Amino acid sequence: CTNDGCEVRESFEMTYYVDGVAVHTETYTTGVAYFLWTAEDKDDLTFLGWAMEEGGKLAYAVGEYIWPDADMQFYAVYGKLYTVNYYSYNSESDDYWADGSAQVSAGNSIVLGTQYSYWFKCIGWATQPGGEMVYAVGQEITPVGDLELYAVAVPFQVTIDLGAEAATYVDENDDPI
């Protein structure tokens, strides 16, 4: 570069450690975003991301990127990764279908959502088809293994007020639907 306003960028080293051993080093340049390197899973543990110190808490999950501005060291974080599978209720066929999944690492929690169909509303989750409700919608749980959740659905209860200028439809909680 000459003295014509050209920007000079600095370079930095990023060193990645697994079990205390440096396994990968890359050179980065300031002003550019970089995806963090990904380590392999090991044994029965899943690579979750990177901590900023040996034995530290997860600071960057897999797939995150950074804007480096100094030499940095990253330490691999491993853990159990559990899958929560959701099954929605099909009122027409009176059965369930796979309706999505989420992954959560051991020791972390997940907030359970809901599922709607045309005539039924999910009020909670069972651990087997047609089973009793074990978890409520909106409940926060910490899985201790893979989990299969089946929607516990109830029919919408509709009230129609014919005295109003326009019909009002509400569910069992008097919430508009």
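Predicted model, so just to flag it, every value in this text is computed and none were measured.

(A) Spotlight on the pairing of strand S11 (residues 120–126). Most of S11 sits inside the fold, with 6 of its 7 residues counted as buried. Strand direction decides the pairing type here: S11 and strand S14 (residues 147–155), joined by 6 bridges, are antiparallel. Residue pairing for S14: Cys-122 is matched across the bridge by Ala-153. Pairing of S11 with strand S12 (residues 135–136) involves 2 bridges; the strand directions are antiparallel. Bridged to Trp-125 within S12 is Tyr-135.

(B) Up close: the nonpolar core. Ranked by internal contacts, the top residues of the largest apolar core, which has 15 residues, are Tyr-86, Leu-112, Trp-125, Tyr-135 and Leu-149. Taken together, the elements giving at least two residues each to this core come down to strand S8 (81–90), S11 and S14. The element best represented in this core is S8, accounting for 4 residues.

(C) Representation of the packing of aromatic side chains in the model. Overall, the coordinates contain 15 aromatic pairs when judged by the stated rule. Note on Tyr-87 and Tyr-150: the rings are 4.7 Å apart at their centroids and 15° apart in plane angle, and the pair reads as stacked. Pair noted here: Tyr-87 is in strand S8 and Tyr-150 is in strand S14, with a separation of 63 residues, a long-range link. The cationic tip of Lys-42 hangs over the ring face of Tyr-78; the distance from NZ or CZ to the ring centre is 4.5 Å.

(D) Quick look at the sheet that holds strand S7 (residues 72–79). Spatially, S2-S1-S7-S4-S5 is the arrangement adopted by the 5 strands of the open sheet, whose pairing is mixed. Bordering the open sheet on either side are strand S2 (21–29) and strand S5 (60–61), each of which pairs with just one other strand. Here strand S4 (residues 46–51) runs beside S7; their pairing, made up of 5 bridges, is antiparallel. Looking across to S7, one finds that Phe-47 is bridged to Tyr-78.

(E) Just the environment of Gly-107, in detail. When you line up the elements, Gly-107 lands in the loop between strand S9 (95–105) and strand S10 (110–111). In this structure Gly-107 comes out as exposed when scored by relative accessible area, which is 63%. Considered as a pair, Gly-107 and Val-144 are 37 residues apart in the sequence and their alpha carbons are 7.7 Å apart.

(F) Local environment of the sheet that holds S11. Strand order in the open sheet formed by 5 strands is S9-S8-S14-S11-S12, and the pairing between neighbours is mixed. Two strands in the sheet have a free side with no partner beyond their single neighbour: S9 and S12.

How each quantity is defined
- Residues numbered from 1 in each chain as written.
- Predicted model: local features only at pLDDT ≥ 70, side-chain atom pairs only at ≥ 80, totals over all residues.
- Heavy atoms only, no water.
- Buried < 20%, exposed > 50% of the residue type's maximum accessible area, 1.4 Å probe, protein only.
- Helix = DSSP H or I, 4+ residues; strand = E, 2+ residues; numbered from the N terminus.
- Pairing = 2+ DSSP bridges.
- Core = buried A, V, L, I, M, F, W, Y, C linked by side-chain atoms within 4.5 Å.
- Phe/Tyr/Trp six-rings, centres within 6.5 Å; stacked < 30°, edge-to-face > 60°.
- Lys NZ or Arg CZ within 6 Å of the ring centre and 35° of its normal.

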